[in-house]
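Residues per chain are reported as follows:
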Amino acid sequence: MNAINSISEFHRLLSLPEPHHPLVSVINLAHSVFLEDEIWKGFVNRFYCVALKREAKDKIRYGQQHYDYDKGVLSFTAPNQVQQLDLQSMECGCGYLLIFHPDFLLQHPLANSIHQYGFFDYAVNEALHLSAEEEDDLITILHKIDKECRHIDKHTQEIILTQVESLLKYSNRFYERQFLTRKNNNFALLTRFEQLIDDYFNSDINTLLKVHHIATQMNLSPNYLSDLLRIHTGQNTQQHIHEKLIAKAKEQLSTTNLSVSEIAYALGFEHAQSFSTLFKRKTNLSPLEFRQAFN
C-alpha cells in the first residue's frame, strides 16, 4: 500500500509549494491540482485530515462504496486509513483541507483526547453536512490556523492545537445536531438495529454478538452507529448488546433448568466465567444468586 508520509509530500502531490509548517497545513482546494499519480488508486496518509468541501462533485471510495460530494460537507480521516481517489471523475471545487501529523500533538493533551472524537473513524458516506452558519464558523477557525502556521515560535503549537480542538468540539456539536435533525432516517435505522439484535438472540447463537458485526449488517461504521445510538437512546452499541444479552440470560435462568455454563455457551461465551463476571457487573448478582432470588 502506498503511503503519503509527510505534509510536504502531500503538498507536492497537489501541485502546491512547500508548507509553511512541516507538521500542519491548511490547504485551499481552489489552489490545488492533483497530480496524475498511481498513488491515488490506493493510499494511506500518515496524518490526520479534516476536509471541508464546498460545491464539489467528487467521488471518493471507501471500502466497496462511493460517496458523491455535491454539497458542502465535512469529513475526517485518521492516520493510516486506506483511501482511493478517482481523478477522472473528480473536480476539486472549493473548500479546505486541514492536515496535521500525529507528531504535532506530542506533549499536548490533544494527543490523548483526539481518540475521543469518534468521527475520525466514520465511513466517508457518514460525512457531516453543514449549515451555512456552521460552515462559516469552521472556516474562520481554519483561517486562524493558516495564519498561525506562518509565524512559527514557541507559542505556535499551543495556539494552533487550541484552534484544532475548538474545531473538533464544534464538529462534535454539529454531528449531534445532524443525528437529531434526521429523525425519520434515524428512526428507521434504530428500528432495524433492534430487529437485528432480536433476530440474533432468537437464532442459534454460535459466538458473541460484536459491535462490528451488527454495524456491518447496517452498512455503518461502528463508531457512527454507537454515536447515533448514544444521542437517541443514551447508550452505545455495546451497552445495547449487553442489555439484550442480560435480558436473555435472565429469561434462561428463570424459566429453564440449564446450568450457568450451558446458558453461557448458548449465549456465545467461550468461558462461563466471562458470562458470570458480566452478569454480576450488570445486575449486582451472580447468575446463581439471581436464580435463587427469583425462585
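All values derive from a computational prediction rather than experimental measurement.

(A) The overall build of the chain, seen in detail. Along the chain, the regular secondary structure elements total 11 helices and 10 strands. Expressed along its principal axes, the backbone C-alpha trace of the chain runs to roughly 75 × 45 × 40 Å. Per-residue burial over the chain gives 48% buried out of 295 residues. Pairs at least 24 apart in sequence give 72% of the contacts found in the chain among residues at least 6 apart. For the chain, the exposed area adds up to about 15,600 Å²; of that, 48% sits on carbon and sulfur atoms. Positive and negative side-chain charges in the chain, numbering 28 and 35 respectively, have mean positions lying 4 Å apart.

(B) Main features of the nonpolar core. Membership of the largest hydrophobic core comes to 68 residues, with the highest contact counts inside it found for Leu98, Phe100, Phe120, Ile145, Val164, Leu168 and Phe275. Sorting elements by how many residues they give to this core places helix H4 (residues 156–181) first, with eight residues. Contacts of Val164, omitting those with residues within four sequence positions, involve Leu98, Phe100, Leu110 and Ile145. Within the second largest apolar cluster, 19 residues are counted, among which are Ile27, Ile39, Leu87 and Ile99.

(C) Focus on unusual backbone geometry. Positioned with a positive phi, Asn80 is a non-glycine residue whose angle comes to about 75 degrees. Within the fold, Asn80 resides in the loop between strand E7 (73–77) and strand E8 (82–85).

(D) Looking closely at the side chain of Gln83. Within the secondary structure layout, Gln83 lies in strand E8. Relative accessible area serves as the criterion here: at 15%, Gln83 is assigned to the buried category.

(E) Spatial organisation of the side chain of Thr77. Here Thr77 lies in strand E7. Note on Thr77: relative accessible area 14%, which makes it buried. Those residues in contact with Thr77 that sit more than four places away from it in its chain are Phe47, Tyr48, Cys49, Gln83 and Phe120.

(F) Highlighting the environment of Ile160. When you line up the elements, Ile160 lands in helix H4. Residue classification places Ile160 among the buried positions, given a relative accessible area of 0%. Sequence spacing of Ile160 and Ile145 is 15 residues, and the spatial spacing of their C-alpha atoms is 5.6 Å. Not counting chain neighbours up to four residues away, the residues in contact with Ile160 comprise Val24, Phe104, Ile145, Glu148 and Cys149.

(G) Summary view of the sheet that holds strand E2 (residues 24–28). With antiparallel pairing, the five strands of this open sheet are ordered in space as E2-E9-E4-E7-E10. Of all the strands in the sheet, the pair left with one neighbour each is E2 and strand E10 (128–129). Relative to strand E9 (residues 94–100), E2 runs antiparallel, the two sharing five bridges. Looking at the pairing, Val24 lines up with Phe100 of E9.

(H) Inspection of H4 at higher detail. With 26 residues, H4 extends 37 Å between its outermost C-alpha atoms, agreeing within 8% with the 38 Å of an ideal straight helix rising 1.5 Å per residue. Listed as buried for H4 are Thr156, Ile160, Leu161, Gln163, Val164, Leu167, Leu168, Ser171, Phe174, Tyr175, Gln178 and Phe179.

(I) Summary view of the packing of H4 against helix H7 (residues 222–233). At a closest axis distance of 10 Å, the pairing of H4 and H7 adopts a crossing angle of 70 degrees. In terms of their interaxial angle, H4 and H7 are classed as roughly perpendicular. Residues Tyr175, Glu176, Gln178, Phe179 and Leu180 of H4 lie in contact with H7, whose contacting residues are Tyr224, Asp227, Leu228, Arg230, Ile231 and His232. Class assignment for the residues of the contact of H4 with H7 results in six nonpolar, two polar and three charged.

Calculation notes
- Residues numbered from 1 in each chain as written.
- Predicted model: local features only at pLDDT ≥ 70, side-chain atom pairs only at ≥ 80, totals over all residues.
- Heavy atoms only, no water.
- Helix = DSSP H or I, 4+ residues; strand = E, 2+ residues; numbered from the N terminus.
- Buried < 20%, exposed > 50% of the residue type's maximum accessible area, 1.4 Å probe, protein only.
- Contact = heavy atoms within 4.5 Å.
- Areas by Shrake-Rupley, 256 points an atom, 1.4 Å probe, with all protein chains shown as cover.
- Lys, Arg positive; Asp, Glu negative; His and termini not counted.
- Charge placed at Lys NZ, Arg CZ, Asp CG, Glu CD.
- Core = buried A, V, L, I, M, F, W, Y, C linked by side-chain atoms within 4.5 Å.
- Pairing = 2+ DSSP bridges.
- Expected span 1.5 Å × (residues − 1).
- Axes fitted to C-alpha atoms, helices over the stretch in contact; angles between N-to-C directions.
- Parallel < 35°, antiparallel > 145°, perpendicular 65-115°, else oblique.
- Nonpolar A, V, L, I, M, F, W, Y, C, P; charged D, E, K, R; others polar.

Note that all results are geometric; they support no functional claim without further evidence.
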